[in-house]
Amino acid sequence: MNATTIPTDVELLEKAREAAHHAWAPYSSFPVGAAILLDDGRVITGSNVENASSPLGICAERNAAAHMITSGEATADDGHLPNLPVIRAVAIVGLKAEPCYPCGACRQVLREFNCERVIVSVDGAPRSFDFSEILPYSFGPEAL
Ligand code: THU
């Protein structure tokens, strides 16, 4: 998506749903998609990618966060003190479950990148949570 307009929560959920259709989830049959909204309106997506060696599967939100970083959103200063990107929001859709809330591991990974809001679908409509509700009293990079 171009950086010209800020997508609505409904549009972010739609992007997450599209991403869920690209999941590799043959073992759980539980496809999930995540759509990260950046400061300038760009949207970066991810889906869950499972593996025959089950512990190697990765959730949609963590794949989206990795996609964000590998797209160049954090500029490293000597590899030690990167300027952290700000995730304005992340929308999450599970094709088999509504709402689909982020797992604990994904909450912590989103916390790393200053995620401000989490959007899920409840009865077909977006429901937005402040990140501090999703992961209160959290541990983050500023503690180190
Ligand atoms: N899953 C996600 O992608 N995100 C979550 O936050 C919850 C769980 C995936 C992991 C696994 O591939 C499948 O859903 C069933 O747990």
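Before reading further, recall that the structure is shown in the block above.
Within every chain, residues take consecutive numbers counted from 1 along the sequence as written. At least 70 in pLDDT is required for a residue's local features to be given in this predicted model, at least 80 for side-chain atom pairs to be given and counted, and no such filter applies to totals for whole chains, interfaces and linings, which use all residues. Side-chain descriptors were evaluated using all non-hydrogen atoms of the structure, hydrogens and water having been removed beforehand.

### Focus: the pairing of strand β3 (residues 87-94)
The criterion, for reference: Here's how the labels work: a residue is buried when its accessible area is under 20% of the maximum for its type, exposed when over 50%, partly exposed in between, all with a 1.4 Å probe on protein chains only. Runs of E in the DSSP output that reach at least two residues are strands. Runs of H or I that reach at least four are helices, and both are numbered from the N terminus. Criterion used throughout: strands pair if DSSP finds at least two bridges between them. If you view a crossover with the strands going away from you and the path from the first strand over the helix to the second runs clockwise, you call it right-handed.
Counting buried residues in β3 gives seven out of eight residues, a clear majority hidden from the surface. Sheet topology places strand β1 (residues 32-38) next to β3; seven bridges connect them, and they run antiparallel. Counterpart to Leu38 in the pairing with β3 is Ile87. The pairing of β3 with strand β4 (residues 117-122) spans three bridges and is parallel. Counted as the bridge partner of Ala91 is Ile119 from β4. The β-α-β motif built from β3, the intervening helix α3 (residues 104-112) and the parallel element β4 has right-handed crossover chirality.

### What to know about a nonpolar patch on the surface
Going by this rule: The patch calculation keeps residues exceeding 30% relative accessible area without a salt bridge and links them within 9 Å when they carry like charges or within 5 Å when they are nonpolar (Val, Leu, Ile, Met, Phe, Trp, Tyr). Each accessible area is a Shrake-Rupley estimate made with a 1.4 Å probe; only the visible protein chains count as cover when residues are assessed. Each salt bridge in this description consists of a side-chain nitrogen of Lys or Arg and a carboxyl oxygen of Asp or Glu lying within 4 Å of one another.
A cluster of nonpolar side chains, contributed by Trp24, Tyr27 and Val49, occupies part of the molecular surface with about 340 Å² of accessible area. For Trp24, the position within the fold is in the loop between α1 (9-20) and β1.

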